[in-house]
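So the chains spell out like this:
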Amino acid sequence: MTQPTLDAVTWGETMLRLSPPEGFSLEDARNLEVWIGGAESNMAIALARLGKRVGWVSRLPANPLGRKIHGEIARHGVDTSRVIWAEDARAGLNFIETGAAPRPNLVLYDRAGSAIANLRPEELDYEYLASASLLHLTGVTPALSSSCREAWLTSAQKAHAAGRKVVLDLNYRAKLWPPQQARETLRAVFPHVHLVLGALRDLRLLFGVEGEPEQAAADFAKAHALPLLVLTLEAEGALAWDGNAALRHAAFPAQVADRIGAGDAFAAGFLFGWQERDVAYGLRCGNALAALQQTLRGDVSWATRADLLELVESSEVDPRRVKR
């Protein structure tokens, strides 16, 4: 096994996110704010900003929109050298209306037939995807097309065969595929995965797990022979099952400006802490980065390593404090 050249690599779709200004609905908006957003690139950016060497791969349209997506990811230090450029292709669009209680977030996709949905499996550089210490995958990519499913499974198999850790974030999207199809696809990749990340609510929906979180995690991990399972519990924080015991960490308090991307920030924070120390530290870093990410608008985490460590190592958080 060759020495890894990156700490992590991931691949998937990043879309343009179009949102009305805060306090406006999509129907009433006169202008839309433009960001980028994708589960894999959100994680890659967050992890790169924490000082890790990260690569991101996708298939983008060779036009200004594709270059916009590429540039926004590369500016954070993410290696984008293996991006596939496609002529006469389109970028996926994601319209998000930020909710305010009691109104939930509204998400509308316009991504059918996007550049990556038309990916040919042979276009991916599997050697590059198996060159990092870990390969990060999500449950979004295989929902995009049959060719994406094939490439997604192949990338997991090759990275696992190369002795790398394969991390799967469930990231179930009900608007992309039904539970039964998602369940069958995810089960096919579990034998090649070292760590599964996900929301407990997705585990209950897709696999019908029952009971208290710790018991549900233990039962699911044992049933699928998973070495490590990490679950987010919304306001209750997160827990991990490592095959022997359950570990929990409470959520950090946050004044929420935008919840979109919090799960991806958690994943990046957990992977950072896990690589730096251990699972317990990963849970603390994951919860901390998720809290920081929600204080700003947009999918992307702008927290630095110093920002994260300041929160992780502090015993008390005072939002009234002014950094000078």
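For every chain, the first residue of the written sequence is number 1, and numbering continues from 1 along that sequence. Only residues with pLDDT of 70 or above have their local features reported here, since the model is predicted, and side-chain atom pairs are shown and tallied only from 80 upward, although totals for entire chains, interfaces and linings are computed over all residues. The basis for the side-chain values is all heavy atoms of the structure; hydrogens and waters are excluded.

1. Section: unusual backbone geometry
We note that D88 has phi near 50°; this positive angle belongs to a residue other than glycine. Exposure categories follow from relative accessible area, calculated using a 1.4 Å probe and restricted to protein chains: below 20% of the type maximum is buried, above 50% is exposed, and the middle band is partly exposed. Judged by relative accessible area, D88 falls into the exposed class, the value being 85%. Backbone geometry places A225, a non-glycine residue, at a positive phi of 55°. The helix and strand labels rest on DSSP assignments: H or I over at least four residues marks a helix, E over at least two residues marks a strand, and numbering proceeds from the N terminus. You can see A225 is positioned in the loop between α7 (213-223) and β12 (228-232). Judged by its relative accessible area of 64%, A225 falls in the exposed class.

2. Focus: helix α4 (residues 146-161)
Between its first and last C-alpha atoms α4 spans 23 Å; for 16 residues at 1.5 Å apiece the expected length is 22 Å, and the two agree. What α4 keeps buried is the set S147, C148, A151, W152, S155, A156 and A159. Relative to the axis of α4, the buried residues are bounded by an arc of 165° and lie together on one face. In α4, the exposed positions that point more than 90 degrees away from the buried face belong to S146 and A161. What a helix is expected to span follows from its residue count: subtract one and scale by 1.5 Å. Comment: arc refers to directions from the helix axis out to C-beta atoms.

3. Here's the deal with the packing of aromatic side chains
When two rings of Phe, Tyr or Trp (its six-membered ring) have centres within 6.5 Å they constitute a pair, described as stacked for plane angles under 30 degrees, edge-to-face for angles over 60, and tilted for the intermediate range. Using the criterion set out here, one finds 5 aromatic pairs in the structure. Consider the rings of F190 and F207, whose centres lie 5.9 Å apart with planes at 40°: the pair is tilted. Here F190, found in the loop between α5 (179-189) and β11 (195-199), pairs with F207, found in helix α6 (residues 200-207); they are 17 residues apart in sequence, far enough to count as distant. Both residues of the pair, F190 and F207, count as buried. Among the aromatic side chains, those forming a connected cluster through ring pairs are F190, F207 and F220. Sitting above the plane of the Y126 ring, K158 keeps its charged end 5.9 Å from the centroid. Ring-over charges, as used throughout, are those where CZ of Arg or NZ of Lys falls within 6 Å of the ring centre and within 35 degrees of the ring normal.

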